[in-house]
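Residue-level structure breakdown
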Amino acid sequence: MGPLRSVVLAGGGTGGHVYPLLAFADCLRRHDPGVRITCLGTPRGMENDLIPPQGYDLRPIPAYQLPRSINMNLVRTPGRMWTAARAAGKVIDEVQADAVVGFGGYVSVPAYLAAWRREMPIVIHEVNVPPGVANRLGMKFTKNVAVGFPHQPQQAESLRDARVVGVPLRRSIAGLDRAALRDAARARFGLRPDLPVLFVAGGSSGARSINLAVAGAAKELARNGVQVLHVMGARNEPVPIPTDLPVPYVTLPYLSEMELGYAAADLMLARGGAMTVAEVAAIGLPTIFVPYPHSNQEQKRNALPVVEAGGGLLVDDNEMIPAWLERTVIPLIRDPHRLAAMGTAAAAYGRRDGDVALLNFVYEAVAR
Ligand SMILES: CC(=O)N[C@H]1[C@@H](OP(=O)(O)OP(=O)(O)OC[C@H]2O[C@@H](n3ccc(=O)[nH]c3=O)[C@H](O)[C@@H]2O)O[C@H](CO)[C@@H](O)[C@@H]1O
């Protein structure tokens with residue numbers, strides 16, 4: 001049994017914050033089935049779709065969006081933030097939490113504030129460079145900062161002393177054997193077992209520029225025997241795909257069982273969200289990264305170490321046009337030796353034990 005009786009987890013908004021929270025919750029429950037786990041969420045974030053089905057207690061906290069330029073001066077922290085912090089504090093008191101573990105996103109801020117007022121252990125897990133604004137504020141209250149990747153302490157002064165623990169990944173992904181699941185996964189999507197598969201997914205909310213480029217390349221990819229499994233993003237307008245293609249082209253709005261997509265694929269085309277990078281690296285899936293261009297180079301920094309290790313390619317969003325895709329994807333996906341070498345390089349960079357490493361870090365922090 002670990003040193004925790006009750007823990008509050010905070011992280012919300014996009015999949016990028018919710019999936020590591022969930023993976024960590026699962027790990028905690030596996031190691032210590034008696035511990036009480038409570039999650040804080042905003043009323044409309046993706047946590048509402050993702051957390052309750054996994055059987056965790058999700059408590060809504062009033063949403064308050066921090067301005068990106070907040071000066072981190074608590075005296076000037078807006079009143080609405082304290083209202084949210086009081087709501088978080090009520091939950092913390094009710095469940096008699098021993099610690100708060102935050103993954104970033106707006107809901108983490110009230111949790112950090114409430115835990116700080118109660119002088120409780122706070123642990124922060126951060127996967128981006130620069131750290132998100134919520135975690136930056138949280139770092140004022142704790143030195144227990146864990147990060148997902150080795151480049152983060154080198155690139156961000158505020159993360160210099162952070163512990164590299166990796167990223168908690170869902171068990172279905174951390175434990176994935178792609179080769180063993182490949183045929184079943186392909187059958188599930190109606191894909192042929194004998195032709196290569198390009199898996200396209202633009203992060204937890206999809207990516208319009210990627211969707212348009214792949215749709216534009218659909219005919220040429222199909223003519224060259226490349227099958228496509230394309231997750232468009234539930235919040236995106238679906239892009240029309242030609243219907244008379246000679247090989248399967250399967251579109252989905254969202255894929256909950258992401259491991260099936262990963263297992264079906266020979267090559268992935270993705271954004272550079274930190275979770276996506278951690279997942280494809282861990283499972284050794286060669287990936288073409290098209291970082292989201294509008295967030296401070298954050299996604300480029302996530303993807304670059306995998307690319308430099310030889311596990312993927314990097315392309316600017318403005319180069320994401322059908323001709324580039326045709327030129328790059330077709331020869332690569334037909335070259336199993338190159339794909340295998342890229343997969344091995346990606347896997348050497350990735351890790352599958354981020355959940356356990358973070359749990360050990362939390363136990364240490366609570367024991368301190
Ligand atoms: C535009 C933006 O600001 N994006 C940020 C956001 O990305 P975003 O929310 O897109 O997050 P990631 O790419 O990191 O993670 C997406 C997660 O959703 C899952 N998934 C995705 C599609 C699908 O159909 N099914 C599914 O399960 C993936 O397996 C992955 O676990 O959070 C990341 C982590 O903080 C940041 O690094 C990104 O920069």
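Analysis parameters
Residues numbered from 1 in each chain as written. Predicted model: local features only at pLDDT ≥ 70, side-chain atom pairs only at ≥ 80, totals over all residues. Heavy atoms only, no water. UniProt positions renumbered as here; feature names shortened; annotations may be inferred. Core = buried A, V, L, I, M, F, W, Y, C linked by side-chain atoms within 4.5 Å. Buried < 20%, exposed > 50% of the residue type's maximum accessible area, 1.4 Å probe, protein only. Domains from an automatic or database assignment. Contact = heavy atoms within 4.5 Å. Helix = DSSP H or I, 4+ residues; strand = E, 2+ residues; numbered from the N terminus. Disulfide = S-S within 2.5 Å. Pairing = 2+ DSSP bridges. Axes fitted to C-alpha atoms, helices over the stretch in contact; angles between N-to-C directions. Salt bridge = Lys/Arg side-chain N within 4 Å of Asp/Glu carboxyl O. Expected span 1.5 Å × (residues − 1). Bend = angle between axes of the 7 residues up to and from the residue.

Here is the UniProt Pathway (unreviewed entry) comment for the chain, exactly as written: "Cell wall biogenesis; peptidoglycan biosynthesis." Looking at the Catalytic activity (unreviewed entry) heading of the UniProt record, one finds this comment for the chain: "di-trans,octa-cis-undecaprenyl diphospho-N-acetyl-alpha-D-muramoyl-L-alanyl-D-glutamyl-meso-2,6-diaminopimeloyl-D-alanyl-D-alanine + UDP-N-acetyl-alpha-D-glucosamine = di-trans,octa-cis-undecaprenyl diphospho-[N-acetyl-alpha-D-glucosaminyl-(1->4)]-N-acetyl-alpha-D-muramoyl-L-alanyl-D-glutamyl-meso-2,6-diaminopimeloyl-D-alanyl-D-alanine + UDP + H(+)".

On to the nonpolar core, then. Soluble globular proteins tend to pack their nonpolar side chains together in the buried interior. Among the nonpolar cores identified, the biggest contains 72 residues, and F24, L28, I37, F199, Y262, M268 and L358 are the most heavily contacted of them. Formed jointly, this core draws a minimum of three residues from each of two domains, domain 1 (6-169 + 352-367) and domain 2 (175-349). Aside from chain neighbours lying at most four places away, what touches I37 is V7, L9, A25, L28, R29, Y56 and D57. With 34 residues, the next largest nonpolar core counts A222, L267, V315 and L339 among its residues.

Another aspect to go through is the UniProt feature "domain: Glycosyl transferase family 28 C-terminal" (unreviewed entry) in the chain. Following the UniProt record, the feature "domain: Glycosyl transferase family 28 C-terminal" (unreviewed entry) maps to residues 197-353 here. Note that residues 197-353 is 45% helix and 15% strand, and that its end C-alpha atoms are spaced 28 Å apart.

Attention now goes to the state of the cysteines. With the rule as written, the count across this model stands at zero disulfides. Looking at C27, it has no disulfide partner, and the nearest cysteine sulfur is the one in C39, 14 Å off. Overall, the relative accessible area of 0% leaves C27 in the buried class. On the basis of relative accessibility, which here comes to 0%, the residue C39 falls in the buried class.

Right, let's get into the sheet that holds strand β13 (residues 312-314). Read from one edge to the other, the open sheet built from six strands follows the order β10-β9-β8-β11-β12-β13, with strand pairing classed as parallel. On the outer flanks of this sheet lie β10 (249-252) and β13, each paired with one strand and no other. Averaged over all adjacent pairs, the angle separating strand axes in this sheet is 15 degrees, with direction ignored. The pairing of strand β9 (residues 227-231) with β10 spans four bridges and is parallel. Bridge pairing in β10 links V231 to L252. Set on the sheet, helix α12 (residues 298-308) makes contact with β12 (287-289) and β13; between it and β13 the angle comes to about 135 degrees.

So, about the pattern of salt bridges. One pass over the full model with this rule turns up 18 salt bridges. A salt bridge links R59 to E94; the shortest N-O distance between them is 3.0 Å. Of this pair, R59 sits in strand β3 (residues 57-60) while E94 sits in helix α3 (residues 79-94), and the two are 35 residues apart along the sequence. On the basis of relative accessible area, R59 is assigned to the buried category, the value being 18%. E94 sits in the partly exposed class, given a relative accessible area of 47%. As a salt-bridge pair, R192 and D194 come within 2.9 Å of each other at their nearest N and O atoms.

The next subject is helix α9 (residues 208-223). Here α9 is 16 residues long and its end C-alpha atoms lie 24 Å apart, about the 22 Å a rise of 1.5 Å per residue gives. Roughly 50 degrees is the biggest bend found in α9, and it falls at A217. Of all the residues in α9, the buried ones are S209, I210, N211, A213, V214, A215, A217, A218, L221 and A222. Those residues of α9 that are buried lie in contact with β8 (197-201), β9, β10, β11 (267-270) and α13 (322-333). Taken from the residues just after α9, G225 is the one with a positive phi, measuring 75 degrees.

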